Amino acid sequence: MIMSKFYYIQAKIPPHLSDELDHMAMSQFNCSGVEEFSIDEPKVDEILGDRSYSGGDVPESVIYEVEEVLTNEGVLKKYYFEDELDSVEFNKYLTEQKIPSSCESDEIKDWNEEWKKGYTPILVSSELEIIPEWEKEGYQSRATNQVYIYPGMGFGTGSHETTFLCLKLLMSLNYKSFTTCLDFGCGSGILGLALEILRPNEVEIDLYDIDSQALDNCRQNIDLNQIENDQIKLLLPKDREQIQRKYDLVFANILQNVLLTEGEYL
């Protein structure tokens, strides 16, 4: 079997720069993918001390406690590159920003199978589960509704904390009363499409993104979920005039600085 060589940068990223650096790595340094592995077992054991939760569910308060400690100390990430020069340049950039990092290289047998390891089904509630496209056949879902997602390049799968929290909040709302929804900065469309799956053909949904490739990923996921709602619109900046002034529900799972800027116009 042919082995593929790849290069990666391992770094501890300050929480407030996490999303910004992910975007920069992909848009300016040809990064092929990002792996986040902030949950370090020895560190978790250190935080929990003598507390043990074997044989039962870990309380949400404890999960938040662990996440807060780990996040405040920095998010551990691996940035993968196919070209060594790209990895070297990105590492140089991180060094200039005084962000601890190191360059490594490795070989894998199958790149597609390797990156899929980072995406597994995510149970949001008893009503909703997010399932990667390759798990669609034969997977026994634990929820009454399923959203199947093909992970585009950094466009959202539900594994990111803010995406998961948006989905959790959706389930806590009276979503059955919603008739209009804007997913602003939609990426894969996961948030807007989750509402569509919960209320099929009953909601006008606008999926907006500045990246046309994100909307291509949305179309892919619409087809994957066999959605036929003609009230779903895919909008780019040139279509901004089509965005309504009021919606029953607005998702805006994007960077804070963008929210503050865009808020002036919405």
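Student: Which residues make up the side chain of Thr-163, and what are the values?
Tutor: Relative to the helices and strands, Thr-163 resides in helix H6 (residues 161–172). Ignoring sequence-local partners within four residues, the contact set of Thr-163 consists of Gly-158, Ile-190, Leu-191 and Asn-253.

Student: Could you give me a rundown of the sheet that holds strand E11 (residues 249–251), with the residues and numbers involved?
Tutor: Strand order across the open sheet formed by four strands is E10-E9-E8-E11, with parallel pairing between neighbours. Two strands lie at the open edges of the sheet, namely strand E10 (232–235) and E11, each paired on one side alone. On average, adjacent strands in this sheet sit at an angle of 15° to one another, irrespective of strand direction. Helix H7 (residues 190–198) contacts strand E8 (180–184), strand E9 (204–208), E10 and E11 of the sheet and is inclined by roughly 165° relative to E9.

Student: Before we move on, could you go through the side chain of Ser-87 and cite the residues and values that matter?
Tutor: With respect to the secondary-structure elements, Ser-87 resides in helix H4 (residues 84–96). In contact with Ser-87, not counting residues within four places along its chain, are Tyr-7, Ile-9, Phe-81 and Cys-103.

Student: Would you mind going over the packing of H6 against H7 in detail, with residue names and values included?
Tutor: For the pair H6 and H7, interaxial distance at closest approach is 10 Å and the crossing angle is 30°. Considering their axes alone, H6 and H7 lie roughly parallel with respect to each other. By crossing handedness, the relation of H6 to H7 is classed as right-handed. Mapping the contact onto sequence places Thr-163, Cys-166, Leu-167, Leu-170 and Met-171 in H6 and Ile-190, Leu-191, Ala-194, Leu-195 and Leu-198 in H7. Looking at the contact of H6 with H7 residue by residue, the classes come out as nine nonpolar, one polar and no charged.

Student: Quick rundown of the packing of aromatic side chains? Include the residues and the values.
Tutor: Summed over all chains, the structure comprises six aromatic pairs. Relative to Tyr-93, the ring of Phe-29 lies with its centre 5.8 Å away and its plane at 45°, an arrangement referred to as tilted. With Phe-29 in the loop between helix H1 (18–28) and strand E2 (33–36) and Tyr-93 in helix H4, the pair connects residues that are 64 residues apart, well separated along the chain. These aromatic residues form a ring-pair network of at least three members: Phe-29, Tyr-79, Phe-81, Phe-90 and Tyr-93. Stacked on the ring of Tyr-8, the Lys or Arg Lys-78 has its end atom at 4.7 Å from the ring centre.

Student: Describe the pairing of strand E5 (residues 122–125), with residues and values.
Tutor: Pairing analysis gives three bridges linking E5 to strand E6 (residues 128–132), with the strands arranged antiparallel. Within the sheet, the bridge partner assigned to Leu-123 lies in E6 and is Glu-129. Between E5 and E6, which pair antiparallel in sequence order, lie two residues.

Student: Could you give an account of the pairing of E9, with specific residues and numbers?
Tutor: Of all five residues that make up E9, four are buried, and the element is covered over most of its length. The pairing of E9 with E10 spans four bridges and is classified as parallel. Residue pairing in the sheet places Tyr-208 in a bridge with Leu-235 of E10. Crossover handedness for the path E9 to helix H8 (residues 212–224) to E10: right-handed.

Student: Explain the pattern of salt bridges to me, using residue names and the numbers behind them.
Tutor: In total, this model carries six salt bridges according to the counting rule given. Here Asp-239 makes a salt bridge to Lys-238, at a shortest N to O gap of 3.3 Å. Among the residues examined, Lys-238 registers a relative accessible area of 60% and is labelled exposed.

Student: Let's hear about the environment of Ile-130: which residues, and what values?
Tutor: Of note, Ile-130 is situated in strand E6. For Ile-130, a relative accessible area of 2% gives the class buried. Remark: the alpha-carbon pair of Ile-130 and Ile-190, spanning 60 residues in sequence, is separated by 8.7 Å.

What counts, and at which threshold
Residues numbered from 1 in each chain as written. Predicted model: local features only at pLDDT ≥ 70, side-chain atom pairs only at ≥ 80, totals over all residues. Heavy atoms only, no water. Helix = DSSP H or I, 4+ residues; strand = E, 2+ residues; numbered from the N terminus. Contact = heavy atoms within 4.5 Å. Pairing = 2+ DSSP bridges. Axes fitted to C-alpha atoms, helices over the stretch in contact; angles between N-to-C directions. Parallel < 35°, antiparallel > 145°, perpendicular 65-115°, else oblique. Left-handed = near helix turned anticlockwise from the far one by under 90°. Nonpolar A, V, L, I, M, F, W, Y, C, P; charged D, E, K, R; others polar. Phe/Tyr/Trp six-rings, centres within 6.5 Å; stacked < 30°, edge-to-face > 60°. Lys NZ or Arg CZ within 6 Å of the ring centre and 35° of its normal. Buried < 20%, exposed > 50% of the residue type's maximum accessible area, 1.4 Å probe, protein only. Right-handed = clockwise from strand over helix to strand, strands pointing away. Salt bridge = Lys/Arg side-chain N within 4 Å of Asp/Glu carboxyl O.

Purely spatial values, then, with no claim about function.
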